[in-house]
Amino acid sequence: MADLGRIVARNIRGERSRLGLTQEEFGKLVGWSLSQARDAEKGNRRILVQEIPMICRALQVTFADLCRGAEPGDLDALGL
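Residues numbered from 1 in each chain as written. Predicted model: local features only at pLDDT ≥ 70, side-chain atom pairs only at ≥ 80, totals over all residues. Heavy atoms only, no water.

### Details of the nonpolar core
Alright, step 1. Counting 16 residues, the largest nonpolar core has Ile12, Phe26, Val30, Trp32, Ile55, Leu59 and Leu66 as its most contacted members.
Alright, step 2. Of all the secondary structure elements, the ones that give two or more residues to this core are α1 (4-19), α2 (23-30), α3 (34-42) and α4 (52-59).
Alright, step 3. Per-element tally for this core: the top contributor is α4, with five residues.
Alright, step 4. Leave out the neighbours within four places in its chain, and Leu66 touches Ile7, Val8, Asn11, Ile12, Ile55, Cys56, Leu59 and Val61. (Core = buried A, V, L, I, M, F, W, Y, C linked by side-chain atoms within 4.5 Å. Buried < 20%, exposed > 50% of the residue type's maximum accessible area, 1.4 Å probe, protein only. Helix = DSSP H or I, 4+ residues; strand = E, 2+ residues; numbered from the N terminus. Contact = heavy atoms within 4.5 Å.)

### Observations concerning α2
Alright, step 1. Three or more residues of α2 are buried, namely Phe26, Gly27 and Val30. End-on, the buried residues of α2 take up no more than an arc of 100°, which puts them together on one face.
Alright, step 2. Residues of α2 that are buried make contact with α1, α3 and α4.
Alright, step 3. In the stretch just after α2, Gly31 is the one whose phi turns positive, near 80°. (Arc of directions from axis to C-beta.)

### Quick look at the pattern of salt bridges
Alright, step 1. For the structure on display, the rule yields five salt bridges.
Alright, step 2. For the salt bridge of Glu51 with Arg45, the shortest nitrogen-to-oxygen distance reads 2.9 Å. Across the pair, exposure class does not vary: Glu51 and Arg45 are buried alike.
Alright, step 3. Salt bridges linked by common partners bring Glu15, Arg18, Asp65 and Arg68 together as one network. (Salt bridge = Lys/Arg side-chain N within 4 Å of Asp/Glu carboxyl O.)

### Brief notes about unusual backbone geometry
Alright, step 1. Of note in this structure, Gln60 is not a glycine but carries a positive phi near 60°.
Alright, step 2. Within the secondary structure, Gln60 sits in the loop between α4 and α5 (63-66).
Alright, step 3. Look at Gln60 and you get exposed, because its relative accessible area is 62%.

### Side note on the environment of Gly69
Alright, step 1. By the element assignment, Gly69 lies in the loop between α5 and α6 (72-77).
Alright, step 2. By relative accessible area, which is 56% here, Gly69 ends up exposed.
Alright, step 3. Sequence separation between Gly69 and Glu51 is 18 residues; the distance between their C-alpha atoms is 20 Å.
Alright, step 4. With sequence-adjacent residues up to four places away left out, Gly69 is seen in contact with Ile7 and Arg10.

### Details of the side chain of Arg16
Alright, step 1. Mapping Arg16 onto the fold places it in helix α1.
Alright, step 2. One polar contact links Arg16 to Glu41, side chain to side chain, over a distance of 2.3 Å.
Alright, step 3. Sequence-distant contacts of Arg16, that is, excluding residues within four places in its chain, are made with Leu21, Thr22, Gln23, Phe26, Glu41 and Leu59. (Polar contact = N/O pair within 3.5 Å; in protein donor to acceptor, adjacent residues only side chain to side chain.)

Spelled out as structure tokens, the structure:
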């Protein structure tokens, strides 16, 4: 079973790149330092529930987009 945190981290990295944002620019948009943004993309930083809306707004995506590639059971449990 794939780790949902790693999947979200990978999707954050991909969406940030798609927008042409640096990690530093992305971090500023969500109120993180460069190291926090870097750690989040590596899956080494736990993303808090209250941070998800800021991340989605910064990346112009939905939470479902961040969960793309997750196990069907995880998506069902999240109502996605």
